[in-house]
Amino acid sequence: MKQPGSEKMIKQSPYDEKWWEEWERKGGWRPEGWKIVEMNDGPTLNDLKPEKFLVVHRPHGSMFHHSYGKVSQFFIGLLEGKLYGTKCPKCGLVYCPPRAHCFNPKCRLAETKWVELPKKGEVHSYTIMAIAWPSMAHLQPLVGAMIRIDGTNTCLPMTMRDVDPEKVNIGLKVRIDIAKDPKGDLLDVYATPAEEPVAPKRTPEELKRFREDMEKTRAWVKKTFGTK
Amino acid sequence: MKKVGIVAGSISRFDNPRHTLAEEMCAEAVKMILDDMPDLELGDFIRKGYACCYSYFSDILEQQQCMHWIIHDYLGLSAVPAYRVESGGATPIDAIVNAALWIRSGMFPVVLVVGWEKMNELPIQKVNEAIAIAGDTDWDFVSGFTYNAFYATMEARRMHVYGDTEEDLAEVAVLNHNNSLDNPYAQWPAQHGFSKITVEDVYKSRLISWPYRRYECAMTSEGASALLLANEEMTKKLTDNPVWISGVGFGTDTMRAGDRPDNPAWKGLYPEDEKVWPKNIPKPMSPYPDLLNFGSLRVSARMAYKDAGIKNPKKEISFVEIFDPYAGVVLAGLEDFDFCKRGEGKKMVRDGVIQRHGELPCQLSGALTAQGHAVGSTSIAQVVDSYWQLSNQIGKKWGAPSRQLSKPKKAFIHGHGGTGCQAGAVVLEV
Ligand SMILES: [Zn+2]
């Protein structure tokens, strides 16, 4: 037997630990404020009566120190502008998201090998987000797509740029880009069309509705965030 | 086979906010069961070897772990054996399946199932986040996708491959909302009143993630519900109007929907479904379920049918409650539950089969988009509504005698979590 020893620092991004420690101490459950409200309540709509409730505004939050484990190479790759997946030496399935162990039942959890992947793929399916995460709301309407990277047996969800939401379609060939300032998570990866997109078939009513939805979404973004 | 009976059921209504504490909503629900059963004594639970099974999804929404300890204590049941079941959106159906299996094992003659959720404490984007981290936080959640977006990609692919339309989705939303209008436990009428809606109203509701609009997505809710289950002997002792859980099933699929198209675990599992594929679209290695159907729903349904001895689900089942966080799950579910062939769910909607007076009424409660979706309570409430239908109590419990189906025999209720990562199902019969 041997002891594993303590971790050795290879490389580190700037990170203000102090600020978070301070914030974590502050987020210590004590209410920042409160309100007293009256509302009709009861177990059924046939049995309601007014009740008074005290509501406190109670903070909580923390910083997690998360390891990507044995698939860290994928994210190390992103930091270097490269795309990696894993390949099973037994059945040949290629995973991206990578798996350190093959999940093909025949392979008895065989350990996989790293392979560099081409930065191209195809739209397996897509959506147009009119409500995205708050941090991405300014990008709405935002195309999200399940992308099958060439040569892989999986789809990786990612957002698309430089694409007309009206034209995005299943089967569209895409280029996969990695952010110039990668942070170390999947949002560093996005897709852009690698060919002229061909819009899906829509009836005139559907198309009219679609365009109105896009207009409304863009108007909301403009109102909320100003012009881009 | 050891039979499991439903002796009583109750709901403390869905709304948002309710402000009432989880333990108080649970007490309201359990109190309704006690009111129905004057001879049932909570104090007997420990002496007679009964147990409790608790259902809630998230420790994060209230920042409270082991909430079921609070509930159990609040109900005055300390000392009584109790467990919590948690499997995302599948939590409440899995709680019922588990409780039924405990009874079948012979270990407990009676099990009280209680489910709830509180979803109004965090701002809505944080609620979405708390739900989304039931997805893979390294590979799904951080892609920028909410659950809305994942389900939307699945429906967009159904439109491409099967020809589902926006109108099909809107029709499902209309069905749900209008079915909820007589339901005094439903959130939609509590917030929006008692008028019917149309497809045009659905189109006017805001776009969430194309093709899904607001009215086609589950509500976020608070509420609680309870079921008292018992073995055959105790069921007959406790009620003269029993409904039986004659079949249970559960199943799973990959954590990440994106891993499904070539998943070797599914290849060849359902060969007849793999054949249903349009010529002009490239066929993945595992064409069923791909991102089109929910394999876990199929596995759980066929297990429940086999368990209940059902050979022809569409003929034998009187009505269905589908767990539909998004309208497209109804279209896919009808296929995965063997009510029609793959790709033909839309046809059942267009032909009015699932309407209230159709051949196979679905979503009589209003389901997740209209009755509401207080996660840990959702499927328990759908089972309670179905139990009331089968035991001829809708008139009494809803105050809406017109909504009582005429002599229904069997009901099928399903629930699932994630993007179909886990699913459960029960068959009820009189
Ligand atoms: Zn393998």
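Heads up: the structure comes first, above all this text.
Residues numbered from 1 in each chain as written. Chains lettered and ligands numbered in written order. Predicted model: local features only at pLDDT ≥ 70, side-chain atom pairs only at ≥ 80, totals over all residues. Heavy atoms only, no water.

## Considering the environment of Pro261 of chain B
Here is step 1: Position of Pro261 of chain B among the secondary structure elements: in the loop between strand S8 (243-252) and helix H11 (271-274).
Here is step 2: In the structure, Pro261 of chain B is positioned 25 residues away from Ser286 of chain B in sequence and 5.5 Å away in space, judged by C-alpha atoms.
Here is step 3: Once you skip the residues sitting within four places of it in the chain, Pro261 of chain B turns out to touch His124, Arg148 and Cys155 of chain A together with Pro284, Met285, Ser286, Asp290 and Leu291 of chain B. (Helix = DSSP H or I, 4+ residues; strand = E, 2+ residues; numbered from the N terminus. Contact = heavy atoms within 4.5 Å.)

## Some words on the packing of aromatic side chains
When we look at a pair of aromatic rings, we describe it by the centre distance and by the angle of the planes.
Here is step 1: Within the structure shown, the criterion is met by 29 aromatic pairs over all chains.
Here is step 2: Centroid distance Tyr95 of chain A to Phe103 of chain A: 5.6 Å. Interplanar angle 80°. Geometry classified as edge-to-face.
Here is step 3: Among the residues examined, Tyr95 of chain A registers a relative accessible area of 1% and is labelled buried.
Here is step 4: Given the relative accessible area of 22%, Phe103 of chain A is considered partly exposed.
Here is step 5: Both rings, one in Tyr305 of chain B and one in Phe412 of chain B, keep their centres 5.3 Å apart while their planes meet at 45°; by these two values the pair is tilted. Within this pair, whereas Tyr305 of chain B is found in helix H12 (residues 295-308), its partner Phe412 of chain B is found in strand S10 (residues 410-417), the two being separated by 107 residues in sequence.
Here is step 6: Here Tyr305 of chain B falls in the buried class, since its relative accessible area comes to 4%.
Here is step 7: On the accessibility criterion, Phe412 of chain B (0% relative accessible area) is buried.
Here is step 8: In this structure, Arg99 of chain A packs its charged tip against the face of Tyr95 of chain A, placed 5.7 Å from the ring centre. (Phe/Tyr/Trp six-rings, centres within 6.5 Å; stacked < 30°, edge-to-face > 60°. Buried < 20%, exposed > 50% of the residue type's maximum accessible area, 1.4 Å probe, protein only. Lys NZ or Arg CZ within 6 Å of the ring centre and 35° of its normal.)

## Some words on the packing of H12 of chain B against helix H14 (residues 328-336) of chain B
The relative placement of two packed helices comes down to the angle between their axes together with the axis-to-axis distance.
Residue and element names in this part refer to chain B.
Here is step 1: Closest axis-to-axis distance for the H12/H14 pair is 9 Å, and the angle between their directions is 45°. By the angle class used here, H12 and H14 are oblique. Read as a crossing pair, H12 and H14 show a hand that is right-handed. For the pair H12 and H14, contact is made by Leu297, Arg298 and Ala301 and by Val329, Gly333, Glu335 and Asp336, respectively.
Here is step 2: In the contact of H12 with H14, the residues fall into three nonpolar, one polar and three charged. (Axes fitted to C-alpha atoms, helices over the stretch in contact; angles between N-to-C directions. Parallel < 35°, antiparallel > 145°, perpendicular 65-115°, else oblique. Left-handed = near helix turned anticlockwise from the far one by under 90°. Nonpolar A, V, L, I, M, F, W, Y, C, P; charged D, E, K, R; others polar.)

## Quick word on the sheet that holds strand S1 (residues 4-15) of chain B
Residue and element names in this part refer to chain B.
Here is step 1: Taken together, nine strands build an open sheet; the order of strands is S3-S2-S4-S7-S1-S8-S11-S10-S9 and the sheet is mixed. Pairing within the sheet leaves two strands with one partner each, and these edge strands are strand S3 (82-85) and strand S9 (319-321). Taken pair by pair, the neighbouring strands of this sheet meet at an average axis angle of 20°, ignoring direction.
Here is step 2: Inspection of the sheet shows strand S2 (residues 51-55) paired to S3 by four bridges, in the parallel sense. If you follow Tyr54 over to S3, its bridge partner there is Arg84. (Pairing = 2+ DSSP bridges.)

## Brief notes about the interface of chain B and chain A
Here is step 1: Each partner contributes to the interface: chain B provides 62 residues, whereas chain A provides 61 residues.
Here is step 2: Area buried by chain B at its contact with chain A is led by His19, Trp139 and Trp210 of chain B, which between them contribute 16% of it.
Here is step 3: Run the count over chain B and chain A and you get six salt bridges.
Here is step 4: A salt bridge links Arg13 of chain B to Asp41 of chain A, with the shortest nitrogen-to-oxygen separation between them at 3.2 Å.
Here is step 5: For the side of chain B that touches chain A, the secondary structure elements donating two or more residues are S1, helix H1 (22-36), helix H5 (124-132), helix H6 (147-162), helix H8 (187-192) and strand S5 (207-210) of chain B.
Here is step 6: If you tally residues by element for the side of chain B that touches chain A, the top one is H6 of chain B, at seven residues. (Buried area = accessible area lost by both parts, 1.4 Å probe. Salt bridge = Lys/Arg side-chain N within 4 Å of Asp/Glu carboxyl O.)

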